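Remarks on the overall topology
Each chain, written out:
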Amino acid sequence: MDQTTLAMRAGLNVNTISAMEKRGPAVLTSGLDKIRAVMRVLEEAGVEFLNHGQPGVRLRKD
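Procedures and definitions
Residues numbered from 1 in each chain as written. Predicted model: local features only at pLDDT ≥ 70, side-chain atom pairs only at ≥ 80, totals over all residues. Heavy atoms only, no water. Buried < 20%, exposed > 50% of the residue type's maximum accessible area, 1.4 Å probe, protein only. Helix = DSSP H or I, 4+ residues; strand = E, 2+ residues; numbered from the N terminus. Arc of directions from axis to C-beta. Contact = heavy atoms within 4.5 Å. Polar contact = N/O pair within 3.5 Å; in protein donor to acceptor, adjacent residues only side chain to side chain. Axes fitted to C-alpha atoms, helices over the stretch in contact; angles between N-to-C directions. Parallel < 35°, antiparallel > 145°, perpendicular 65-115°, else oblique. Nonpolar A, V, L, I, M, F, W, Y, C, P; charged D, E, K, R; others polar. Pairing = 2+ DSSP bridges.

With that settled, consider helix 1 (residues 3–10). Taken together, the buried positions of helix 1 are L6, A7 and A10. Along the long axis of helix 1, the arc covered by the buried residues comes to 100°, so they all point the same way. In helix 1, those exposed residues whose orientation departs by more than 90 degrees from the buried face are T4 and M8. Lining the buried residues of helix 1 we find helix 2 (14–22) and helix 3 (32–44). Between the side-chain oxygen of the N-cap and the backbone nitrogen of T4 there are 3.3 Å, and the N-cap of helix 1 in question is D2.

As structure tokens, this is what we get:
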């Protein structure tokens, strides 16, 4: 999914998504509401967020 589509679906500005991506592995400084909006969109697209000792993501197994 490209930044523009993610931003549109999350109700955010594309600059917000770009700034999040530029942080790399650093802690995000965006508000929790923005982070949750992005997570919701990605989860709806089949991404599963992991917290099993080491954070990560994978595609959901359906």
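Moving on, we get to the packing of helix 1 against helix 3. Interaxial distance between helix 1 and helix 3 falls to 9 Å at its minimum, and their mutual angle equals 110°. By the angle between their directions, the pair helix 1 and helix 3 is classed as roughly perpendicular. Across from L6, R9 and A10 in helix 1, the residues of helix 3 making contact are A37, V38, R40, V41 and L42. Partitioned by chemical class, the residues of the contact of helix 1 with helix 3 number 6 nonpolar, no polar and 2 charged.

Turning to the side chain of T16, a few remarks are in order. By the secondary structure assignment, T16 is in helix 2. With a relative accessible area of 19%, T16 lands in the buried category. When neighbours within four sequence positions are excluded, T16 is seen to be in contact with S30 and K34.

Turning our attention to the pairing of strand 2 (residues 54–59). The buried fraction of strand 2 is low, at 0 of 6 residues. Pairing of strand 1 (residues 47–52) with strand 2, which is carried by 6 bridges, proceeds in the antiparallel orientation. Pairing of L50 across the sheet is with G56, part of strand 2. Between the end of strand 1 and the start of strand 2, which pair antiparallel, lie 1 residue, with G53 showing a positive phi angle near 85°.

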